[in-house]
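# Working through the structure, step by step
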Amino acid sequence: MPERIRIAPSVLSADFARLGEQVLEAVEGGANSIHLDMMDGHFVPNLTFGPPIIKALRQQTDAHFDVHMMVENPERYIPALAEARVDLVTVHVEAARPLHRVVHQIKEAGILAGVALNPATPVAAVEEVLPELDLVLVMSVNPGFGGQSFIESSVEKIAQVRGMLDERGLKAELQVDGGIGPDTAERVVRAGARMLVAGSAVFGSPHGIKGAIDVIRRNGERGLISH
């Protein structure tokens, strides 16, 4: 049996009026993690939610919480996210300055640390901190809004990051986010991704949340077999 592909539904595409209910449905439907996009309206043009909403969701589930911070000065929010008992925090190279210090601050708070690479951010930007990371996130759309089309050049970037991790014997998770669904899952897994963030393909699926998670995972695992 091939290893299982991990699915992290992004609540950016959930019905915010039923957010807690939909998060629970995703967890019960087989999600490995809940992907929480924090946006401040400055680093990206959209505005979503912050630590108070995440803390409220934490009261409803012990699921793995994966917080993707698309915010300026992400270090300001780390104590509040630690209080909300999140499991993983991912920051962007362009927002976390200096990157090494912010990564260490996350880890010192008892949280796993990830770094995100935007479509225009070179893989080399994460090279120096790679040994410190628990996750590398390759963005396959420009961050800020859900429902965007997959950027095909992301496949090569995923392969580059996978090569760097494997060459160094590093165990960091390789995550991909943006335009992920049944049609793109196999390609990104074949390139080396193992955790797939999917928003509208999960919460907007006619097959329901569980059905969507099952289909994306099944298609992704075909990429492992053909790898």
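About the cut-offs
- Residues numbered from 1 in each chain as written.
- Predicted model: local features only at pLDDT ≥ 70, side-chain atom pairs only at ≥ 80, totals over all residues.
- Heavy atoms only, no water.
- Phe/Tyr/Trp six-rings, centres within 6.5 Å; stacked < 30°, edge-to-face > 60°.
- Lys NZ or Arg CZ within 6 Å of the ring centre and 35° of its normal.
- Core = buried A, V, L, I, M, F, W, Y, C linked by side-chain atoms within 4.5 Å.
- Buried < 20%, exposed > 50% of the residue type's maximum accessible area, 1.4 Å probe, protein only.
- Pairing = 2+ DSSP bridges.
- Helix = DSSP H or I, 4+ residues; strand = E, 2+ residues; numbered from the N terminus.
- Axes fitted to C-alpha atoms, helices over the stretch in contact; angles between N-to-C directions.
- Contact = heavy atoms within 4.5 Å.
- Salt bridge = Lys/Arg side-chain N within 4 Å of Asp/Glu carboxyl O.
- 1 Å grid on protein atoms, 1.4 Å probe; cavity = no way out; pocket = protein on both sides within 12 Å on 5 of 7 lines; lining within 4 Å.
- Points joined across faces, edges and corners; volume = space filled by probe spheres on them.
- Nonpolar A, V, L, I, M, F, W, Y, C, P; charged D, E, K, R; others polar.

### Section: the packing of aromatic side chains
- Summed over the entire model, instances satisfying the criterion amount to one aromatic pair.
- One cation-aromatic arrangement involves Arg58 over Phe65; the distance from NZ or CZ to the ring centre is 3.9 Å.

### Quick look at the nonpolar core
- The biggest cluster of nonpolar side chains holds 65 residues, and the ones touching the most others in it are Ile54 and Leu196.
- With six residues, the next largest nonpolar core counts Ala116, Leu137, Met139 and Val141 among its residues.

### What to know about the sheet that holds strand 3 (residues 65-70)
- Judged by pairing direction, the sheet is parallel, and its eight strands sit side by side in the order 1-8-7-6-5-4-3-2 without closing on themselves. Strand pairing shows two members of the sheet lacking a second neighbour, strand 1 (6-9) and strand 2 (34-39), which therefore form its edges. Each adjacent strand pair in this sheet contributes to an overall mean axis angle of 25°, direction not counted.
- Pairing between strand 5 (residues 112-117) and strand 6 (residues 135-139): four bridges, direction parallel. Bridge assignment links Ala116 to a residue of strand 6, and that residue is Leu137.
- Taken strand by strand, helix 8 (residues 208-225) contacts strand 1 and strand 8 (195-198), and its axis lies near 140° from that of strand 1.

### Overview of the pattern of salt bridges
- The tally for this structure, following the rule as stated, stands at 13 salt bridges.
- For Arg190, the salt bridge is made with Glu186, and the minimal N-O distance between the two is 2.8 Å. Of this pair, Arg190 and Glu186 both sit in helix 6 (residues 185-191), four residues apart, roughly one helical turn.
- The exposure class assigned to Glu186 is partly exposed, which follows from its relative accessible area of 21%.
- The salt bridge partner of Arg222 is Glu186, with a shortest N-O separation of 3.4 Å. Placement of Arg222 in helix 8 and of Glu186 in helix 6 is noted, with a sequence separation of 36 residues between them.
- By sharing partners, the salt bridges in this structure join Asp15, Arg18 and Glu21 into a single network.

### Details of the layout of surface pockets
- Size it by volume and the largest pocket reaches roughly 240 Å³.
- In terms of lining, the largest pocket is formed by 25 residues, of which the most central are Gly146, Gly147, Asp177, Gly178 and Gly179.
- Elements that contribute at least two residues to the lining of the largest pocket include exactly strand 2, strand 8 and helix 7 (200-203).
- Among the elements that make up the lining of the largest pocket, the one with the highest residue count is strand 2 (three residues).
- Among the residues making up the lining of the largest pocket, the classes are represented as eleven nonpolar, twelve polar and two charged.

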